[in-house]
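The primary structure of each chain is shown beneath.
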Amino acid sequence: MEEEDGIVENASAPKQRVGDRLREAREAKGLDIDQVAAETRIPKRHLETIEAGNFSALPSRTYAIGFTRTYARTLGLDEKDVLDHVREELAEGDPNAVEKPTKFEPGDPARVPGRGLAWFAVLAAVILLGGVYAFYSSYFAPGLGPAPLEDPEAQVAANETPQQAATPAPQPTGGPVVFTSEMDDTWVKFYDASGTRLFEAQMAEGDSFTIPEDADGPQIWTGRPYALAITIGGRSVPKLTEEDTVVKDVPVTAEALLARDEPEAAPVAAATPSET
């Protein structure tokens, strides 16, 4: 009789609620509610609601099932057994409630997308739509786009890398004055201010003559000034003239040649070369 009473007594003992079971399992693992919330990404208030067994306070039955499944999985409990008890407790609160099947379980970190990922997806969709719109706008109506802010040629010119200004070659300041013939049979005569001849010859191509440094007011007379290259101190200076004309009595000191803005010629009537 006592044995039968014990069996009846055990059968009538109240079942352990799901919330109490989850709380005891959490405490047995040494976890506090904040740690579980961080690991499962379930709000702390919802975890406290589950542990209190107040499933009706959750947004819906779906949340109650999903959150409890994730909570049980985190604590290493038998998910199926826990969910069976959750359904029983939900049925006790609302016997007419029928759980709608769903494949999405809120609170499952493996299935709930993060907020950052959701915003990224929205931004990517906006960029994609903008690109499609721009493509079709330019393809079907290329002339309807906004006008360029600058003239295209000006834009191209602005984008080009400006070339550095060419550094002008250093100009001679003095030194020996040398005349070199660039043609054969170039007649030339050099003389000083008194008319004394310094040099006179039919110069071949490559022949040269250096004005004596002690010459007093040296001058030139030639019918081919364009054939005579001039250097001062080893640096080239412009020729007397590039024209086919006769020049005579043109000073050829370094100072006189360097002072020219442009080569000047004193054309005279053709004359027969003579010696002074």
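Placed above this text is the structure.
Residues numbered from 1 in each chain as written. Predicted model: local features only at pLDDT ≥ 70, side-chain atom pairs only at ≥ 80, totals over all residues. Heavy atoms only, no water.

A. Up close: the packing of aromatic side chains. In this structure the tally under the stated criterion is six aromatic pairs. Both rings, one in Trp 187 and one in Trp 221, keep their centres 5.4 Å apart while their planes meet at 90 degrees; by these two values the pair is edge-to-face. Pair noted here: Trp 187 is in strand β2 (residues 186–191) and Trp 221 is in strand β5 (residues 219–222), with a separation of 34 residues, a long-range link. What makes Trp 187 buried here is its relative accessible area of 15%. An aromatic cluster is defined as three or more aromatic residues linked by ring pairs; in this entry it consists of Phe 179, Phe 190, Phe 199 and Phe 209. The residue whose ring lies beneath Lys 248 is Trp 221, and the NZ or CZ to ring-centre distance is 4.0 Å. (Phe/Tyr/Trp six-rings, centres within 6.5 Å; stacked < 30°, edge-to-face > 60°. Helix = DSSP H or I, 4+ residues; strand = E, 2+ residues; numbered from the N terminus. Buried < 20%, exposed > 50% of the residue type's maximum accessible area, 1.4 Å probe, protein only. Lys NZ or Arg CZ within 6 Å of the ring centre and 35° of its normal.)

B. Structural context of the sheet that holds strand β8 (residues 247–251). If you walk across this open sheet you meet the four strands as β3-β2-β5-β8, and the pairing is antiparallel. Both edges of this open sheet fall to β3 (197–203) and β8, since each of them pairs with a single strand only. Neighbour-to-neighbour, the strand axes of this sheet turn through a mean angle of 15 degrees, independent of strand direction. The sheet contact formed by β5 and β8 spans four bridges and is antiparallel. Within β8, the position partnered with Gln 219 by the bridge is Pro 251. (Pairing = 2+ DSSP bridges. Axes fitted to C-alpha atoms, helices over the stretch in contact; angles between N-to-C directions.)

C. Broad picture of the nonpolar core. Grouped together as the largest cluster of nonpolar side chains are 21 residues, with contacts concentrated most on Leu 22, Leu 47, Ile 50, Phe 55, Tyr 71 and Val 86. Broken down by secondary-structure element, the contributors of at least two residues to this core are α2 (18–28), α3 (33–40), α4 (44–51), α5 (61–75) and α6 (79–93). Ranked by residues supplied to this core, first place goes to α5 with six residues. Tyr 71 has contacts with Leu 22, Arg 26, Ile 33, Val 36, Leu 47, Ile 50 and Glu 51, leaving out every residue within four places of it along the chain. One finds Phe 179, Ile 220, Ile 232 and Val 247 within the second-largest nonpolar core, a separate group that totals 18 residues. (Core = buried A, V, L, I, M, F, W, Y, C linked by side-chain atoms within 4.5 Å. Contact = heavy atoms within 4.5 Å.)

D. Spatial organisation of the pairing of strand β6 (residues 228–232). Where burial is concerned, the two faces of β6 differ: the one with Leu 228, Ile 230 and Ile 232 is buried and the one with Ala 229 and Thr 231 is not. For strand β1 (residues 177–181) and β6, the ladder comprises five bridges, and the chain directions are antiparallel. Bridge pairing links Phe 179 to Ile 230 in β6. For β6 and strand β7 (residues 235–237), the ladder comprises three bridges, and the chain directions are antiparallel. In the strand pairing of β7, Ile 232 is matched with Arg 235. The hairpin formed by β6 and β7 contains two residues between the paired strands, and Gly 233 there has a positive phi angle of roughly 60 degrees.

E. Summary view of unusual backbone geometry. Unusually for a residue other than glycine, Arg 41 sits at a positive phi of about 60 degrees. One can find Arg 41 in the loop between α3 and α4. Here the phi dihedral of Asp 249 falls at roughly 60 degrees; this positive angle occurs in a residue that is not glycine. Looking at where Asp 249 falls in the secondary structure, it is placed in strand β8.

F. Molecular detail of a negative patch on the surface. A cluster of acidic residues, Asp 184, Asp 185, Glu 205 and Asp 207, forms a negative patch on the protein surface. Summarising the element assignment, Asp 185 is placed in the loop between β1 and β2. Owing to a relative accessible area of 53%, Asp 185 belongs among the exposed residues under this scheme. (Patch = residues over 30% accessible without salt bridge, like charges linked within 9 Å, V, L, I, M, F, W, Y side chains within 5 Å. Areas by Shrake-Rupley, 256 points an atom, 1.4 Å probe, with all protein chains shown as cover. Salt bridge = Lys/Arg side-chain N within 4 Å of Asp/Glu carboxyl O. Lys, Arg positive; Asp, Glu negative; His and termini not counted. Charge placed at Lys NZ, Arg CZ, Asp CG, Glu CD.)

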